[in-house]
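Chain residues, written in single-letter form:
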Amino acid sequence: MEFFCGLDVGMDQTAICVVEGKGEVLLEVAVMTDPDAIKGALSPYLGRLRRVGHEAGALSPWLHPELLRLGLPAICLETQHVRAALQAQRNKTDRADALGIAHIMRTGWFRRAHIKTAPCYRLRLLLTHRRNLKRKFLDLENAIRHSLKAFGIRLNRVGRGAFAQAVRDAVAGDALISELIDAMLNARAALWKEYCRLHGLVVKLVAGHELCRRFMQIPGVGPIATLSFMTAIDDPSRFRRSRDVAAYFGLTSRRWQSGTSIDVQGPISKAGDADVRRALYEAASALLTRFKRRDKVKTWGLAVAKRSGHRKAVVAVARKLAVIMHAMWCDGTAYCGDQAVSTADAAAHAQRKDRRLLGALA
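Residues numbered from 1 in each chain as written. Predicted model: local features only at pLDDT ≥ 70, side-chain atom pairs only at ≥ 80, totals over all residues. Heavy atoms only, no water.

> What is the right way to look at the overall build of the protein in this model?
On a plain count of helices and strands, the protein comes out with 14 helices and 7 strands. In terms of C-alpha radius of gyration, the protein reaches 26 Å, well past the compact-globule figure of 21 Å for 362 residues. Dimensions of the protein, computed from C-alpha atoms along their principal axes, come out at roughly 75 × 65 × 50 Å. Burial statistics for the protein: of 362 residues in total, 39% are counted as buried. A separation threshold of at least 6 residues defines the contact pool for the protein, and within that pool the share at least 24 residues apart is 57%. (Helix = DSSP H or I, 4+ residues; strand = E, 2+ residues; numbered from the N terminus. Rg over C-alpha atoms; globule rule 2.2 N^0.38 Å. Buried < 20%, exposed > 50% of the residue type's maximum accessible area, 1.4 Å probe, protein only. Contact = heavy atoms within 4.5 Å.)

Here it is, written out as structure tokens:
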């Protein structure tokens, strides 16, 4: 007889449910969220325990490797798939969720979620904190602009460097408002300083990574898009085909089919990592609008834009960039967007881009 276990992991406690092959419940208990405590609760079943399932969450990067280290057959489950399966339950409790996950393990109707390596999570944390600082910086700047409109002050044509002095000059005649705005401007300056510090660290890491430099040979692809894509994929071998990467990042169309009368192909699914999708979209937009040299992907994208519009063309180019970058990663090849360009010219262009990247660190 084989046993199957479901874990509903919480911050403090984890609900555990063990079922046998026919679905009979053998154990329902709650323990502290600790790998050793979980193994201790499962110790009577370890000899014939086939699968231990837990839903992907904030603690998964720490908990999953620890469970594997202790010898448990742990499987991290895709969140969206588990949520859809558990919606059939009338009541949602930790105990019921653990039971539902145990039955998912028993039936085998699940999708595995990839647990990235520890270095990969560190790089993703850098990107996340950089993005958060930038958003808070823009929130403060927009709040300052909006608050000044009540006094008829409109800062329409002020650049980022001259913004603080322009605001101080505009409110110099009002002591209270000047004091309030000065506090906001000081906070804005501190956020910008720390944001630049993290952005410089991103550029430094990209400049020292051979794969990232190869990705940046693609026009429009910068340090953020490169590092975001690399850390989101982590292991390129988990995709059988390069074109599967586009669907993984939600850049392929949704489809709704029912019988012979309904077959709707909608917009892109927007599944997966939104930051990577956004970075690829920005890279595709830069390739189509800012890159002035000849490029095969750009020519193809402009043809799509002519028949279907600019926005659909940018999405199509972003999808193609994801496929190209994954293929470059697997094959170890370099990018050459124009067959008429010689290998020496392409190498010279890549070296110039590397020098610009390294110059940003000076």
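The rest of the description comes next.
> Help me out: how do you make sense of the sheet that holds strand S1 (residues 3-9) in this one?
Strands in a sheet are paired, the pairing made by backbone hydrogen bonds, and the direction either parallel or antiparallel. The strand order S3-S2-S1-S4-S5 describes an open sheet built from 5 strands, whose pairing is mixed. Each having just a single partner strand, strand S3 (25-32) and strand S5 (74-77) make up the two edges of the open sheet. Averaged over all adjacent pairs, the angle separating strand axes in this sheet is 20 degrees, with direction ignored. Taken together, the 7 bridges between strand S2 (residues 13-20) and S3 define a ladder with antiparallel strand orientation. Opposite Thr14, over in S3, you have Val31 as the bridge partner. (Pairing = 2+ DSSP bridges. Axes fitted to C-alpha atoms, helices over the stretch in contact; angles between N-to-C directions.)

> Sorry, what's going on with the environment of Val18 here?
Along the chain, Val18 turns up in strand S2. What Val18 contacts, discounting residues up to four positions off in sequence, is Phe3, Phe4, Cys5, Glu24, Val25, Leu26, Leu27, Leu42 and Tyr45.

> Which parts of the structure should I look at to understand helix H1 (residues 35-42)?
An α-helical segment advances 3.6 residues per turn. Residues three or four places apart therefore align on the same side. Within the sequence span of H1, burial applies to Pro35, Ile38, Ala41 and Leu42. Looking straight down H1, one finds its buried side chains confined to an arc of 125 degrees; they lie on one side. The inward-facing, buried residues of H1 contact S1, S2, S3, strand S4 (49-55) and helix H2 (60-69). (Arc of directions from axis to C-beta.)

> Explanation requested: the nonpolar core in the structure shown.
Side chains of a nonpolar character, in soluble globular proteins, are inclined to be buried together. Grouped together as the largest cluster of nonpolar side chains are 43 residues, with contacts concentrated most on Ile218, Phe229, Phe249 and Leu280. The biggest single contributor to this core is helix H13 (residues 310-331), with 11 residues. In this structure, Phe3, Leu42, Tyr45 and Val52 belong to the second largest nonpolar core, which totals 17 residues. (Core = buried A, V, L, I, M, F, W, Y, C linked by side-chain atoms within 4.5 Å.)

> Can you walk me through the side chain of Thr226 in this structure?
Inspection of the secondary structure assignment puts Thr226 in helix H9 (residues 223-233). Residues contacting Thr226, with those up to four places away along its chain left out, are Cys212, Phe215, Met216, Val221 and Met325.

> Teacher, can you tell me more about helix H3 (residues 79-86) here?
Inspection of H3 places His81, Val82 and Leu86 among the buried residues, and these make up the whole buried set. Looking straight down H3, one finds its buried side chains confined to an arc of 125 degrees; they lie on one side. Structurally, H3 contributes buried residues whose contacts are with S4, S5 and helix H4 (94-107).

> Please clarify how a nonpolar patch on the surface should be interpreted in this entry.
A surface patch of nonpolar side chains, amounting to about 320 Å² of accessible area, comprises Trp256, Ile262 and Val264. Along the polypeptide, Ile262 turns up in strand S7 (residues 262-268). You can call Ile262 partly exposed: its relative accessible area is 35%. (Patch = residues over 30% accessible without salt bridge, like charges linked within 9 Å, V, L, I, M, F, W, Y side chains within 5 Å. Areas by Shrake-Rupley, 256 points an atom, 1.4 Å probe, with all protein chains shown as cover. Salt bridge = Lys/Arg side-chain N within 4 Å of Asp/Glu carboxyl O.)

> What exactly am I supposed to notice about the side chain of Ser269 here?
Among the secondary structure elements, Ser269 is positioned in the loop between S7 and helix H11 (274-289). Once residues lying within four places of it in the same chain are set aside, the contact partners of Ser269 are Gly250, Thr252 and Arg254.

> Teacher, can you tell me more about the confidence of the model for the protein here?
The predicted structure's coordinates, where accompanied by low pLDDT, should not be read in detail. Mean pLDDT for the protein: 91, with 93% of residues reaching 70 or above. Here helix H14 (residues 343-359) stands out as the least confident element of the protein, with mean pLDDT 60; S1 is the most confident, with 97. (pLDDT = per-residue confidence, 0-100.)

> It is not clear to me how the packing of aromatic side chains should be interpreted in this structure. Could you clarify?
For any pair of aromatic rings, the description rests on two quantities: the centre-to-centre distance and the angle between the ring planes. Tallied over the full model, the rule gives 8 aromatic pairs. Three or more aromatic residues joined by ring pairs make a cluster, and in this case those are Phe215, Phe229, Phe239, Tyr248, Phe249 and Trp329. Geometry around Trp300 places Lys320 over its ring, the cationic atom sitting 4.5 Å from the centre. (Phe/Tyr/Trp six-rings, centres within 6.5 Å; stacked < 30°, edge-to-face > 60°. Lys NZ or Arg CZ within 6 Å of the ring centre and 35° of its normal.)

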